[in-house]
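Read off the chains here:
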Amino acid sequence: MQNHFIPKFYLKRWATNGKVVEFSRPNPKSSEVKPHSKPPRGTGYGEDIYTFKGLPEAKRHLIEDVFFKPLDSKAADALVLMETRSNAWTVPIRKAWCLFLLSLITRHPQDIEAFKFVYNRDFLKASEGDREDYLKAKGPNDPPTVEEYFRQFDTDVIGNLAMNNIPKLVMHERAVASLMNMHWSVCTPPPNGYFFTSDRPTIRTFLGRPESHWIVPIGPRRLFVAAEQQSCGEAIHQAIYGQGWKEVNRRVVRQAVLYGYAENDRHLPFFQKHLAKATRPSSMMSFVPSPKDAPPLDRIP
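What you see is a predicted model, and the numbers here were worked out from it, not measured in a lab.

(A) Inspection of the sheet that holds strand 6 (residues 197–198) at higher detail. Ordered in space as 3-2-10-6, the four strands form an open sheet in which the pairing is antiparallel. Edge positions in the sheet fall to strand 3 (34–38) and strand 6, since each has one partner strand and no second. Here strand 6 pairs with strand 10 (residues 260–262) via two bridges, running antiparallel. Note on strand 10: the bridge partner recorded for Thr 197 is Tyr 261.

(B) Spotlight on the environment of Pro 167. In this fold, Pro 167 is placed in helix 9 (residues 166–170). For Pro 167, a relative accessible area of 0% translates into the label buried. For Pro 167 and Leu 62, which are 105 residues apart along the polypeptide, the C-alpha to C-alpha distance reads 11 Å.

(C) Looking closely at the pattern of salt bridges. Tallied over the full model, the rule gives twelve salt bridges. Of the charged contacts in the structure, one is a salt bridge between Glu 57 and Arg 60, with a shortest N-O distance of 3.6 Å. On the criterion of helical spacing, the pair formed by Glu 57 and Arg 60 is a turn pair, its members being three residues apart in helix 2 (residues 57–60). One connected set of salt bridges, linked through shared partners, spans Arg 121, Asp 122 and Lys 125.

(D) Looking closely at the pairing of strand 2 (residues 20–24). Across the five residues that make up strand 2, a large majority, five, are buried. Here strand 2 shows a buried face lined by Val 20, Glu 22 and Ser 24 and a second buried face lined by Val 21 and Phe 23. Where strand 2 and strand 3 come together, five bridges link them in antiparallel fashion. Note that in strand 3 the partner of Phe 23 across the bridge is Pro 35. Of the pairings in the sheet, the one linking strand 2 to strand 10 comprises three bridges and is antiparallel in character. In the sheet register, Phe 23 faces strand 10, and the bridge partner there is Gly 260.

(E) Spotlight on the pairing of strand 9 (residues 222–227). Burial runs high along strand 9: five of the six residues are buried. Taken together, the five bridges between strand 5 (residues 183–187) and strand 9 define a ladder with antiparallel strand orientation. Considered in strand 9, the bridge of Val 186 is made with Phe 224. Bridging between strand 8 (residues 213–219) and strand 9 involves six bridges; their strand directions are antiparallel. The partner of Val 216 across the bridge, within strand 9, is Phe 224. Between strand 8 and the antiparallel strand that follows it, strand 9, lie two residues.

Thresholds applied
- Residues numbered from 1 in each chain as written.
- Predicted model: local features only at pLDDT ≥ 70, side-chain atom pairs only at ≥ 80, totals over all residues.
- Heavy atoms only, no water.
- Pairing = 2+ DSSP bridges.
- Helix = DSSP H or I, 4+ residues; strand = E, 2+ residues; numbered from the N terminus.
- Buried < 20%, exposed > 50% of the residue type's maximum accessible area, 1.4 Å probe, protein only.
- Salt bridge = Lys/Arg side-chain N within 4 Å of Asp/Glu carboxyl O.

Have a look at this one:
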């Protein structure tokens, strides 16, 4: 199954005649960046990124079918409200946009693989409490130690347990609450300005601080701004309408992992200079729960 880590509804804001220009380095051994014109469905995806391995077909794609598809559908509705400057917000739609923002830092293939690696490593660790509980519960045919018991688990099984926590990461209670309570606004660049996007489009700070803010381009002429303090949001608007829009583009393109996007290919020199030059891991790792707290395998929290 194709899993879009950059949803089609989001990318199509940069489409001209149904296509968006993807900038990438097709040859990893070369520094050359090349533009390719593609429909939004033809980029920003991977095969079976969120798939449960070894489960029946009905359960293999639960995360995509039960979680990401409904989330993206509601987030698309939220984006329309922002584009039309509508006041017809509901709590579910506002929450869906928060979840979409959090999903952008958790659903990239690079982050999924890093999460699986850490989860697998930590799964095999045993605390003193694990050892005591195991000795109380183990049967006569069970391994003598909890460490040996954990090592019986197949890598795919542990990977599936990790994958089942992806919705839990996106729905991080404190992060959602912080974003929900921030001051939201949409700002535009000056007449000669425009925004690019990438597969890591969010510029963010730590949540829950007076200076906290998250911004993400939502179109060539629109930037979503969430700020803890209204004065901070106003300062961002002022900066963007000056020369700040250029810095947004630099940061969004430099922190890309694989792809940058624009309306046309005339911006190739900019992407050649900046694409994926400051890539850094997602902050999703700060949300990682203990493997021992994993919910049941076939349950979406």
